[in-house]
Amino acid sequence: MEADPIVRLPDCVLAELERDEKLSVAERGLYLLAWGCDPASVSGLARIARMDRDTATRACRRLCERGLMKMVQHSRGIRPAAIIPEPCQIIMAHDFEIEYEETQWGGEFLAR
C-alpha cells in the first residue's frame, strides 16, 4: 500500500499559528493533525487527537473562525480541512511572483 505524500506546512503558516495568541495549544495541535492526517470527519480527528468529540468540534469551530480550517461537505457528512490562511496565501503568492520574475525561462520553471 502506497502512502499519501504529506505536503509540508509553509513556514508562514507556522509563524501565523505561533503569533495567534487566541489559539489554545489543543487548537494548534488539532490544526496540525488535520493538516497531516486529513481526517474524514470531526469524529476521526477527535479519535486521532485522543480528544472528546465535543471538544474537537468546538476547536474546529474556533479554527474556522480564525481562518485556519473549513468544514467541507461531502457524501458522508462534514470533513474538517486545514487550510492556509489568507495572509499566508498572499505572502506565498508574492514570493512565487518574485521567484518567477527572477527565472530566465518562466515556462520551463512552471513545467517542472
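Right above here is the structure, for reference.
Residues numbered from 1 in each chain as written. Predicted model: local features only at pLDDT ≥ 70, side-chain atom pairs only at ≥ 80, totals over all residues. Heavy atoms only, no water.

## Here's the deal with the environment of A46
By the element assignment, A46 lies in helix α3 (residues 42-49). For the pair formed by A46 and L33, sequence separation is 13 residues and the distance between their alpha carbons is 9.7 Å. Among all residues touching A46, those that are not within four sequence positions of it are M51, D52, R53 and A56. (Helix = DSSP H or I, 4+ residues; strand = E, 2+ residues; numbered from the N terminus. Contact = heavy atoms within 4.5 Å.)

## Examining a negative patch on the surface
Together, D95, E97, E99, E101 and E102 line one region of the surface with negative charge. Topologically, D95 is positioned in helix α5 (residues 86-102). On the accessibility criterion, D95 (42% relative accessible area) is partly exposed. (Patch = residues over 30% accessible without salt bridge, like charges linked within 9 Å, V, L, I, M, F, W, Y side chains within 5 Å. Areas by Shrake-Rupley, 256 points an atom, 1.4 Å probe, with all protein chains shown as cover. Salt bridge = Lys/Arg side-chain N within 4 Å of Asp/Glu carboxyl O. Lys, Arg positive; Asp, Glu negative; His and termini not counted. Charge placed at Lys NZ, Arg CZ, Asp CG, Glu CD. Buried < 20%, exposed > 50% of the residue type's maximum accessible area, 1.4 Å probe, protein only.)

## Describing helix α2 (residues 25-37)
Taking 1.5 Å per residue as the helical rise, α2 with its 13 residues ought to reach 18 Å, and the 18 Å between its terminal C-alpha atoms agrees with that figure. Among the residues making up α2, those that are buried are E27, L30, Y31 and A34. Here the buried residues of α2 occupy an arc of 105 degrees about the axis, which is enough to place them on one side. Of the residues flanking the end of α2, it is D38, one or two places downstream, whose phi is positive at about 45 degrees. (Expected span 1.5 Å × (residues − 1). Arc of directions from axis to C-beta.)

## Points about the pairing of strand β2 (residues 77-82)
Across six bridges, strand β1 (residues 69-74) lies against β2 in antiparallel orientation. Across the sheet, residue M69 finds its bridge partner in β2, namely A82. The turn joining β1 and β2, which pair antiparallel and follow one another in sequence, is formed by two residues. (Pairing = 2+ DSSP bridges.)

## A short note on the packing of α2 against α3
Two numbers describe a pair of packed helices, the interaxial angle and the distance between the axes. Closest axis-to-axis distance for the α2/α3 pair is 10 Å, and the angle between their directions is 110 degrees. In this view, α2 runs roughly perpendicular relative to α3, as classed from their interaxial angle. With respect to the hand of their crossing, α2 and α3 are arranged in right-handed fashion. For the pair α2 and α3, contact is made by L30, L33, A34 and C37 and by L45, I48 and A49, respectively. Among the residues making up the contact of α2 with α3, the classes are represented as seven nonpolar, no polar and no charged. (Axes fitted to C-alpha atoms, helices over the stretch in contact; angles between N-to-C directions. Parallel < 35°, antiparallel > 145°, perpendicular 65-115°, else oblique. Left-handed = near helix turned anticlockwise from the far one by under 90°. Nonpolar A, V, L, I, M, F, W, Y, C, P; charged D, E, K, R; others polar.)

## Some words on the pattern of salt bridges
Here the structure, examined in full by the defined rule, presents four salt bridges. Linking E16 and R19 is a salt bridge whose minimum nitrogen-to-oxygen distance equals 3.2 Å. Highlighted residues: E16 and R19, both in helix α1 (residues 11-19), separated by three residues, approximately one helical turn. Judged by relative accessible area, which is 23%, E16 ranks as partly exposed. Accessibility expressed as a relative area gives 55% for R19, which makes it exposed.

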